[in-house]
Amino acid sequence: MPEPTKKVWSLGEGQAPEDLDKPVDTPPLSSLLIERPQGGSITVGGDISFVAKVEAQDLLRKPTIKWFKGKWMDLASKTGKHLQLKETFDRRTKIHTFEMHIIKAKDNYAGNYRCEVTYKDKFDSCSFDLEVKELEQSQSVDIRSAFKRSSEGHEDAGDLDFSGLLKHREPKQDETPEVDVWEILKSARPDQYEKIAFEYGITDLRGLLKRLKKTKKEEKKSEAFAKKLDPAYQVDKGGKIRLVVDLADPTVELKWYKNGQEIRPTPNQRKFIFEQKGTQRIMVINNCGLNDDAAYSVAAGEEKCTTELFVKELPVKITKEIEAVKTTVNERIELACEVSEEGAQVKWCKNGVEVPTGPRSRYRVKSEGLKHWLIIDDASKEDTGTFSLMASGGTSEAKVQVELKPLKIIQDLQDMTVLLGQPLKMHCEIFPGNVPGRWYRNGQLIQSNDRINILQRAKNHRLEIVNSTIHDAGDYTFVPEGYSQSLCAKVHIVDPPRVHLESLNFPDNTVTIVAGNKLRVEIPISGEPAPRVVWMKGERVILDSGHRVRAETFSDHTSLTIDIAEKEDTGNYKIVLQNEAGEAGASIKVKVVDIPDPPEVPLVTEVGGDWCSMTWEPPIYDGGSPILGYFIERKKKQSSRWMRLNFDLNKETTFEPKKMIEGVPYEVRVFAVNAIGVSKPSEPSKAFVPLAVTSEPTMLVVDDVTDTTVTMKWRPPDTIGAAGLDGYLVEYCIEGTDDWRVTNKELTEKTKYTITGLPPEAKILVRVRAINAAGASTPRTLQHSILVKEVIEPPKIRIPRHLRQTYTRKVGEAVNLVIPFMGKPRPKVSWLKEGQTVDPTQVTIRNTDCDSIIFIRKAERKHSGKYDMKVEVENHVDTAIVDIQIVDLPGPPQCVKIDEVWGGNVALDWTPPKDNGNAAITGYTIQKADKKTMEWYTCIEHYHRTCITITELVVGNEYYFRIYSENMVGLSEGATQTKDSALIVKEGMQLKNPEYIDHDFKEPPKFTQPLINTFAIAGYNATLNCSVRANPRPKVIWMKNKIAIIDDPRYRMFSNQGVCTLEIRKPSPYDGGMYSCKAINYLGDALVECKLEVKGGFTFSELMQRGVPLHLIDKYMSETKAVEQPEK
């Protein structure tokens, strides 16, 4: 195995020798270093470099690197002549390179180095070793100069040898050693190394020890002893030990020593026995005790060898534990314990502290054989604690609790309430009676003085205060000495509350303040305890937490603060004081003087071309001062600039502004003035425009006349003006009278109006007025009278352009046709389909005065046909025909057969489908499939003929063909397939297959399993199941009460292998009824039915919330009652 790297240590390094092999604690590592520095070895004076590389691909800035020697020496501060740090960055490869160069290395440069790289929260570290080998030197090396620190503080000092920087003194000249220090150290004991190094000026003691450790000591061979004593011996207490030496010269006189004192044998002593066997000399020590634990030596002539004897004492164990003691004061306490050995040394402790056992101590210690006692003759409260006996083999503990004799309270202190200035006397009675005590007030000790007397007579304790003051109130406590129990009571010193209004210089207790200013009224008060003060205005209490108006109370006064006085603050304020001693009250009056409130909104009563007349009401609140007059302002509505109209106060509440621009909207407002100032402006009046009325309406004519109504039409006035036109007012009167009646109570903006409620065959006159903000215009009157009698208008049907040809819709789509017509009076409309009356359950027809509507929710083919519309007005008739065609997908073609096969071609022939879907067949789609895969591919689409030749078929394959028919709706749902296949063979190798008659599997639908009557629970899913057999596959329709279920989210329908399932999600009683399943194909249809009853129904309100129609709710509620009555 290779020899491990040698590590050299010198003072000034950052890590002790014994710590070199220990790992350095670092944070969790992350991979930053892509190349780590490697350890190396150089000779003294050589150069070496260490390189670390970091990839900067994912780094936003340069990482931070630190070089360390040992654990803590940062080399950044040691750069200089012998140490250089270098950093480079390659922009192409984006790699940071960090280098450390050591130049002209010295011995103490050797050791463990560490490189640390950090970037934000990432960290990486690498440790490496540097070995500095020494140059070969002669044996005559001066050890003192070798282990002195180099060039302390001079230029030639190594950057790593920094200890010289700590000493700024001139180095002393080394003298040639006159003694061999190595020999001195080799023969010296380890504890003398430091003394020798100091004596001979060796400062690098650690390097010296490491060097000395490598040097093998050459042991001198003893001339007197062939075998010396062992360095140490050990024996149990009470045992014996043999110390043996082997002499090289048996004739040498031998002496034994104990701690430097010679051991002499005595005839009667069997402690030390000396034996001799050949060249061996033996000393036996019997019954070893602690006194025999010493240093022993044996001297043979001038030579001596030493050893240490260690006597191992057996532990003394506790055989009987101390028992806990609970007693009272002045009783005797005796703690006993037994140990495993007589005469054993034990120690008594209290709470971990050794108990004093001197002559003056309260504690006595006694031992007898294995028993040990601790005695306390007169126990006190301080003896409570944990007592323990400590022996070498264990410890025993016990708790001692010394309690006072129980305190009995014969008479406790009583809570008292005393008026200020009256005497205060407190009394209590306790047992035992000779116990003194102390009085406390609020935790403070009370001392006797001229005013306070403290008395004790046997069991009675009294506290008397001659003249009580406020400071005497508080919590009083009497504490008997030595007891944790105390007697407590509360003393209240009370004084009736009083309000000192006399100190205020306000006439009649009235305070006047101008609105907007701050008011603070402070009223002195007194009372003990401090009275509770309540400020009130009327029934409202003023709180101290108020924002603008608040009441505050202090020890000697209370205050009312109004930050910004307002008129609402005027009134009487009442002060109520309460405490335990009584109640007091007072009141003050606050008067707030302010500017008046704004006047009421002005009303413009009349408007002219450039003037108006306005009036207003005075303000409700005059600010506490009479109103002196008013200011009036006006502005244009679109402007924000107000203009004052009067500079002298207007004493009246009316005003007439003038010089306004016609057609421009204006607003006016009013200010009220009193002695305090001008009020805020009133709300602006409604905008008004100084305009004239419009001209009369034009072209008034009769539009329509019935037996009770007359419809008039007219044109707007020629001149409307800037005020605009608000509407028209229509009036009429019976011919020959002047009683004009207004027909429209609200203005109409339209230029057409129908006068209703007229007497038949009456003659009336009609006139119309234009109305705007300025008033009504001159009326426009019809020149002649109108006879109220309806004029007959023959009917006329106006067929829309798209209905003049056949109207086509797909099956399932909605049909909604509107056919307008004309005629007076209201025509009578009738419809026929193919000469028959239209079934209202199939087609919905709605007629109005001017049109008729045909509506079909979901069209079916049976709805196709010609519908005849007839409109009648008395003897006049008009008719029209609407042709409706409902189309569906066609059926598949019939009888598809292969006519001929030749080469890669196949000739197909077929007949048109039996069902064309009520529309012309527009083409066919032909598909082919290889017999091996039966995957269908389209050969041609939209083919119009009923025969075709399919080409480019693959030789060797066998093909089937199928054909879809197509009309304007789309492809048929199914396709007709050839019964035979076509085999494409090479020429001359065609084989004609025999013809077989295939069995016809087609059959109309037939239910093999019918529906069964079912009961369901409301809120739980229910299913209905049946099975059907048919070919081709039938179309399945589920119905409830003979109405098809389509696109209803409450139902889910499944069909698998002929099994049909209807799932009803969380049914309600409304879902009960007759359910049927109908299967249809072109060969026929089949129907099965069952009854579903849902139990556990809903209330009337629940059905209303679910949106169920009222007639269905009524039907359901009646059915529910009918079912419940038989059950009862």
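Residues numbered from 1 in each chain as written. Predicted model: local features only at pLDDT ≥ 70, side-chain atom pairs only at ≥ 80, totals over all residues. Heavy atoms only, no water.

1. Some thoughts on the sheet that holds strand 46 (residues 612-615)
The strand order across the open sheet built from 3 strands is 45-46-49, with neighbouring strands paired in antiparallel fashion. Here the strands that pair on one side only, and so sit at the sheet edges, are strand 45 (603-607) and strand 49 (654-655). Sheet topology note: the strand 46/strand 49 ladder contains 2 bridges and is antiparallel. Across the sheet, Met614 pairs through a bridge with Phe655, a residue of strand 49. (Pairing = 2+ DSSP bridges. Helix = DSSP H or I, 4+ residues; strand = E, 2+ residues; numbered from the N terminus.)

2. Looking at the sheet that holds strand 19 (residues 318-320)
Spatially, 4 strands are ordered 19-21-25-24 in an open sheet, and the strand pairing comes out antiparallel. The open sheet terminates on both sides in strands that have one partner only, identified here as strand 19 and strand 24 (363-368). Each strand axis lies, on average, 30° off the axis of its neighbour in the sheet, ignoring direction. Note: strand 24 against strand 25 (residues 371-376), 6 bridges, orientation antiparallel. Within strand 25, the residue paired with Ser367 across the bridge is His372. (Axes fitted to C-alpha atoms, helices over the stretch in contact; angles between N-to-C directions.)

3. Points about the environment of Ile65
For Ile65, the location among the structural elements is in strand 4 (residues 64-69). Expressed as a C-alpha distance, the spacing of Ile65 and Asp124, which sit 59 residues apart in the sequence, is 9.6 Å.

4. Considerations on the nonpolar core
With 28 residues, the main nonpolar core has Phe50, Trp67, Met100, Ile102, Tyr113 and Leu130 as its most contacted residues. Contributing elements (two or more residues each) for this core: strand 3 (48-55), strand 4, strand 7 (95-102), strand 8 (111-119) and strand 9 (122-133). With sequence-adjacent residues up to four places away left out, Leu130 is seen in contact with Gly40, Ile42, Ile48, Phe50, Ile102, Tyr109, Ala110, Gly111 and Tyr113. By size, the runner-up hydrophobic cluster in this structure holds 26 residues, among which are Val533, Ala551, Leu560 and Val590. (Core = buried A, V, L, I, M, F, W, Y, C linked by side-chain atoms within 4.5 Å. Buried < 20%, exposed > 50% of the residue type's maximum accessible area, 1.4 Å probe, protein only. Contact = heavy atoms within 4.5 Å.)

5. Considering the packing of aromatic side chains
One pass over the full model with this rule turns up 12 aromatic pairs. When the ring of Trp67 is compared with that of Phe128, the centres are 6.2 Å apart and the planes differ by 80°; the resulting orientation is edge-to-face. Pair noted here: Trp67 is in strand 4 and Phe128 is in strand 9, with a separation of 61 residues, a long-range link. Ring geometry for Tyr1051 against Tyr1075: centres 6.4 Å apart, planes inclined by 50°, an arrangement best described as tilted. Here the residue Tyr1051 occupies a position in strand 82 (residues 1051-1056), and Tyr1075 occupies one in strand 84 (residues 1073-1081), the gap between them amounting to 24 residues. Among the aromatic residues, those joined into a cluster by ring pairs are Phe50, Trp67, Tyr113 and Phe128. Taking the ring centre of Phe68 as reference, the NZ or CZ of Arg114 above it sits at 4.8 Å. Here Arg767 stacks its cationic end above the ring of Trp740, 4.2 Å away from the centre of that ring. (Phe/Tyr/Trp six-rings, centres within 6.5 Å; stacked < 30°, edge-to-face > 60°. Lys NZ or Arg CZ within 6 Å of the ring centre and 35° of its normal.)

6. Let's talk about the pattern of salt bridges
Under the definition given, this model contains 47 salt bridges. Between Arg441 and Asp472 there is a salt bridge whose closest N-O contact spans 3.9 Å. On the criterion of sequence distance, the pair formed by Arg441 in strand 31 (residues 437-441) and Asp472 in the loop between strand 34 (460-465) and strand 35 (474-480) is long-range, its members being 31 residues apart. Judged by relative accessible area, Asp472 falls into the buried class, the value being 1%. We note a salt bridge from Arg548 to Asp569, for which the minimum N-O separation is 2.7 Å. You can see Arg548 sitting in the loop between strand 40 (540-542) and strand 41 (549-553) and its partner Asp569 sitting in the loop between strand 42 (557-562) and strand 43 (571-579), a full 21 residues away along the chain. Overall, the relative accessible area of 22% leaves Arg548 in the partly exposed class. Residues joined by salt bridges that share partners form a network here, namely Arg332, Glu334, Arg364 and Asp377. (Salt bridge = Lys/Arg side-chain N within 4 Å of Asp/Glu carboxyl O.)

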